[in-house]
Amino acid sequence: MRHVAQLVSRIARLAAYPLRAIDRSPLPDRWLPPRNESKEKSYLFPDEEAAFQGNQRVAVVRRLLVGFCAREGMRKENAVTLQWSDLAFHGNGEVMISLDKTKNGRGGSWVLDPGTGEALRRWRTICPSKKFVFPASALPQHRESDDWPMYVDHLADQLRDGLRQAGVTREKLFERSPNRIRLRAHDLRATFVTLALGPHEKTEAWVATRTGHRSSQMIALYWRQAKTAVELRLTWLRPLHEIIPELARLIKSA
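Below: a short report on this structure. (Residues numbered from 1 in each chain as written. Predicted model: local features only at pLDDT ≥ 70, side-chain atom pairs only at ≥ 80, totals over all residues. Heavy atoms only, no water.)

This paragraph deals with the environment of Lys172. One can find Lys172 in the loop between helix 6 (155–165) and helix 7 (187–197). Take Lys172: its relative accessible area is 39%, and that puts it in the partly exposed class. When the C-alpha atoms of Lys172 and Arg182 are compared, they prove to be 7.2 Å apart, with 10 residues separating the residues in sequence. Those residues in contact with Lys172, other than ones at most four positions away along the chain, are Ser42 and Arg180. (Helix = DSSP H or I, 4+ residues; strand = E, 2+ residues; numbered from the N terminus. Buried < 20%, exposed > 50% of the residue type's maximum accessible area, 1.4 Å probe, protein only. Contact = heavy atoms within 4.5 Å.)

Below is the structure:
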């Protein structure tokens, strides 16, 4: 809401100067709503994420999307529109992603996590869409002709429900209070950054290539929980093609 108010305020100021369409901004001083106080957020532990991936009551395409975001740091809005043409499958097993533009207006390319790449290599052999990596047609009760990306507006609810079904009981993931918010789909990015900086020992530059963060100040916000992840002796996320049962059963494709 504050961002919308800032935009309205700026337009009003520009209308007064330099456009001179009005004498002065009609908005009074201190019109902007106050900034929201920062609330505590959560990220997934590797064993919790693995439990979710093993929950076959959640559609495999949805689990694959969650695993992709947690291992590659992409926003759900960018990841769900991923097309097979954005991926290059190399004979040596490496998979490269090339994006022309994302939500922040920037593109990028990098080599996927080996487990992510192999999971997508196997998923491609059974995916009902030849265009989209995460198609709606892969969900139950959807027609095969529905060749468009999944709907992800309720991914947070589906993620929390899937974790509960899988036996994950850490209260902080589901708690909402004046000082904390429940686990969100966006916190898959927090999972990625936290574990990448901490147990995975990656650099800020490596992280920024994947997340699209423009400054180290944004990434620095995760250092506290990254250090805690090291103290907890957490590891990097398990190979995605091994913990999704439907993909683990598939023979590795050439």
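With that settled, consider the sheet that holds strand 3 (residues 108–111). Sheet strands associate in pairs through backbone hydrogen bonding, adopting either a parallel or an antiparallel arrangement. One open sheet holds the three strands; their spatial order is 1-2-3, and the pairing between them is antiparallel. At either end of the open sheet lies a strand with only one pairing partner, and these are strand 1 (87–89) and strand 3. On average, each strand axis in the sheet is inclined to that of its neighbour by 15°, with strand direction left out of account. Bridge count between strand 2 (residues 95–99) and strand 3: four bridges; the pairing is antiparallel. Bridge pairing in strand 3 places Met96 opposite Val111. Lying over the sheet, helix 5 (residues 114–124) contacts strand 1 and strand 2, oriented at roughly 90° with respect to strand 1. (Pairing = 2+ DSSP bridges. Axes fitted to C-alpha atoms, helices over the stretch in contact; angles between N-to-C directions.)

Judged by nonpolar contacts, the single largest core of 66 residues is most densely connected at Leu87, Trp123 and Phe134. With eight residues, helix 3 (residues 60–72) is the single largest residue contributor to this core. Residues within four places of Phe134 in sequence aside, it is in contact with Val61, Leu64, Leu65, Phe68, Ala79, Val80, Leu82, Trp148, Pro149 and Met150. (Core = buried A, V, L, I, M, F, W, Y, C linked by side-chain atoms within 4.5 Å.)

To continue, consider the layout of surface pockets. If you add up the space inside the largest pocket, you get close to 930 Å³. Taken together, 27 residues make up the lining of the largest pocket; nearest its centre are Ser38, Lys39, Lys41, Arg184 and Tyr222. Contributing elements (two or more residues each) for the lining of the largest pocket: helix 7 and helix 10 (223–231). Looking at the lining of the largest pocket residue by residue, the classes come out as eight nonpolar, eight polar and 11 charged. (1 Å grid on protein atoms, 1.4 Å probe; cavity = no way out; pocket = protein on both sides within 12 Å on 5 of 7 lines; lining within 4 Å. Points joined across faces, edges and corners; volume = space filled by probe spheres on them. Nonpolar A, V, L, I, M, F, W, Y, C, P; charged D, E, K, R; others polar.)

In this fold, Arg71 is placed in helix 3. A relative accessible area of 1% places Arg71 in the buried class. Once you skip the residues sitting within four places of it in the chain, Arg71 turns out to touch Glu49, Asp113, Thr116, Phe192, Trp236, Leu237, Arg238, Leu240 and Ile243.

Under the defined criterion, the tally for this structure stands at five aromatic pairs. Pairing Trp84 with Phe89 gives two aromatic rings, centres 6.2 Å apart and planes at 40°, and the pair type is tilted. The pair formed by Trp84 and Phe89 is uniform in burial state, with each residue classed as buried. Centroid distance Phe192 to Trp236: 6.2 Å. Interplanar angle 70°. Geometry classified as edge-to-face. In this pair, Phe192 sits in helix 7 while Trp236 sits in the loop between helix 10 and helix 11 (240–243), placing the two residues 44 residues apart along the sequence. (Phe/Tyr/Trp six-rings, centres within 6.5 Å; stacked < 30°, edge-to-face > 60°.)

Turning to unusual backbone geometry, a few remarks are in order. Positive phi is not limited to glycine here, since Glu201 has a value of about 55°. Structurally, Glu201 can be placed in the loop between helix 7 and helix 8 (204–211). Located in the positive-phi region is Arg233, a residue other than glycine, with phi close to 60°. Take Arg233: it is sitting in the loop between helix 10 and helix 11. Relative accessible area serves as the criterion here: at 76%, Arg233 is assigned to the exposed category.

So, about the pattern of salt bridges. According to the stated counting rule, one finds 10 salt bridges in the structure shown. Measuring nitrogen to oxygen at the nearest pair gives 2.8 Å for the salt bridge that ties Glu49 to Arg71. Of this pair, Glu49 sits in helix 2 (residues 46–53) while Arg71 sits in helix 3, placing them 22 residues apart in sequence. For the pair shown, Glu49 and Arg71 are each scored as buried. With a shortest N-O distance of 2.5 Å, Asp157 and Arg160 are connected by a salt bridge. Of this pair, Asp157 and Arg160 both sit in helix 6, three residues apart, roughly one helical turn. The exposure class assigned to Asp157 is partly exposed, which follows from its relative accessible area of 36%. Arg160 gets classed as buried once you look at its relative accessible area, which sits at 5%. (Salt bridge = Lys/Arg side-chain N within 4 Å of Asp/Glu carboxyl O.)

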